[in-house]
Amino acid sequence: MLIYYLTIFFLTGTGIFFQKKGKHFTIPYLTVSFLTLLFLASFRYAIGFDYFSYRNIYQSTAHSSIKTIFSSHWREPLFYLLCKISMQLGFSYPIFLLIVQALFLLIMIQFIYRYSHFPWISIYLFITLQFFAYSMNLIRQSISVSFFLLAYPYLKNRKIIPYTLFILLGGLFHNSLFLIWPFYFLLPKQLSWRSFLFLCTIIIFSYFFFDPFFALIMPHLTKRYSSYVNSYYWQPNNFSYIILPAIYLFFIALFKNNIKNPTLRSIYLNSAIYQFFITLFITKHFILERFAIYPFALSLITVPEILFSCKKERKHYILLLFLLFGAAYFCFAAIKGFHGVYPYISLLKKSCTLPN
């Protein structure tokens, strides 16, 4: 665990230092952040629940032809194609992880650079709110999250065709992204109290009747997705897991008026609302958590936007609240062992800790 704490303190401290030096130090700081996180993620061994299953996929794909990939994995062919290309180039599994992590981090860093007023806060939240842990476990979906970040400017600027293209491409790595396409219409919509109550009614109805509804559509799902039923992934989490998402929603709702741009205000508030509602469903089946990652990713720029726009005398108070929230989120995740990345195991410990 020490390596995670040191990383948080190091990147937070250097971020504050670089911010005081001026905006022209943003790129050097983000470069340091990129290299630090890339090293940490790429030098790991056997952490992340899916580490070995992805290794098996990577190695087995080497013996598959392009035709087989598109026939056997036609719903999500791009990840398998990426594995095939990497194997053809002679890259080992750790090198493959490095390449994928580098691409994810580059897109995330570019997203922060373009849209965050305080990059160091975004990096702090990226680690503490578990996006970094997520990327070390659910590799395919972290790629699809990257495509959602690439699609974001087209959602914000109301350009549906490029937005849809990025969603389609990312969905061919992980189909969950296809279900996020309606966010183009949902996130910018300003909710009245009436529409919010209507949304709550739909969510409550869906929550209590989710299992009967899923039983109806299960025969039409692929074998891989229908097999989740009665599996480990179909177990519920307890309600303690929704406390922190509820606090995040409360904070965003409380400080939303600090965001001057009405479109951004709606997008950021709605992203917190939908993130909470989706997270609520993990008390039914915890695998549904993977859908919450998309709206929650906007927290990386939502919090800096609130801080940038608020009055100076309130800024330190609000900043402290979000820093404490991030710390609480990280501690809860570490205690619960989110994504199987705690504690950290490096490649140096491979020979003396775990079998090959």
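It should be noted that the structure appears before, not after, this text.
Thresholds applied
Within any chain, residue numbers begin from 1 and follow the written order of that chain's sequence. Reporting of local features is limited, given that this is a predicted model, to residues whose pLDDT is at least 70; pairs of side-chain atoms are given and counted only at 80 or more, and all residues count toward the totals for whole chains, interfaces and linings. Neither water nor hydrogens contribute to the side-chain values; these are computed over all heavy atoms in the structure. Working definition: helices are DSSP H or I runs of at least four residues, strands are E runs of at least two. Numbering for both runs from the N terminus. Between the two quantities, the radius of gyration covers C-alpha atoms and the globule rule is 2.2 Å times the number of residues to the power 0.38. Accessible area is worked out with a 1.4 Å probe on protein chains only. A residue is then buried under 20% of its type maximum, exposed over 50%, and partly exposed in between. In these notes, a set of buried Ala, Val, Leu, Ile, Met, Phe, Trp, Tyr and Cys residues joined through side-chain atoms within 4.5 Å is what counts as a nonpolar core. Any two residues having at least one pair of non-hydrogen atoms within 4.5 Å are treated as being in contact. Throughout this description, a polar contact denotes any pair of N or O atoms lying within 3.5 Å of each other; where both atoms belong to protein, one of them has to be capable of donating a hydrogen while the other can accept it, and for residues adjacent in sequence the pair is counted only when both atoms sit in side chains. Multiplying 1.5 Å by the residue count of a helix minus one yields the expected span of that helix.

(A) Expanded view of the overall build of the protein chain. Broken down by element type, the protein chain carries 20 helices and zero strands. In summary, the protein chain has a C-alpha radius of gyration of 20 Å against a globular reference of 21 Å for 356 residues, a match within 12%. Summarising its shape, the C-alpha atoms of the protein chain cover approximately 60 × 50 × 40 Å along the three principal directions. A total of 356 residues make up the protein chain; the buried ones form 53% of that total.

(B) Broad picture of the nonpolar core. Judged by nonpolar contacts, the single largest core of 122 residues is most densely connected at Y4, M108, I123, F126, Y152, F183 and Y342. Considering each element in turn, this core owes the most residues, 13 residues, to helix 6 (residues 93-115). In this structure F126 touches L37, F104, L105, M108, F131, F132 and L300, once residues within four positions along its chain are discounted.

(C) Region of interest: helix 18 (residues 299-309). When you tally the buried positions in helix 18, you get 10 out of 11 residues, the bulk of the element. Inspection of helix 18 places S299, L300, I301, T302, V303, P304, E305, I306, L307 and S309 among the buried residues, and these make up the whole buried set.

(D) Seen up close, the environment of N238. Relative to the helices and strands, N238 is located in the loop between helix 14 (223-226) and helix 15 (243-255). When its relative accessible area of 43% is taken as the criterion, N238 is described as partly exposed. For the pair N238 and K284, spaced 46 residues apart in sequence, the C-alpha separation works out to 8.8 Å. Separated by 2.2 Å, the side chains of N238 and S240 make a polar contact.

(E) Main features of the side chain of S309. Tracing the backbone through its elements, the reader meets S309 in helix 18. Engagement of the side chain of S309 in a polar contact is seen with the backbone oxygen of N258, the distance being 3.3 Å. Those residues in contact with S309 that lie beyond four places of it in its chain are N258, I259 and K260.

(F) Here's a closer look at the side chain of S299. Structurally, S299 is set in helix 18. Residue contacts for S299: discarding those within four places in its chain leaves L125, L129, F131, Y248 and P304.

(G) Representation of helix 16 (residues 262-280) in the model. When the terminal C-alpha atoms of helix 16 are compared, their 27 Å separation across 19 residues agrees well with the 27 Å that a helix rising 1.5 Å per residue should span. Counting buried residues in helix 16 gives 16 out of 19 residues, a clear majority hidden from the surface. The N-cap residue of helix 16 is N261: its side-chain oxygen and the backbone nitrogen of T263 are 2.9 Å apart.

Interpretation in functional terms is not warranted from these geometric data alone.
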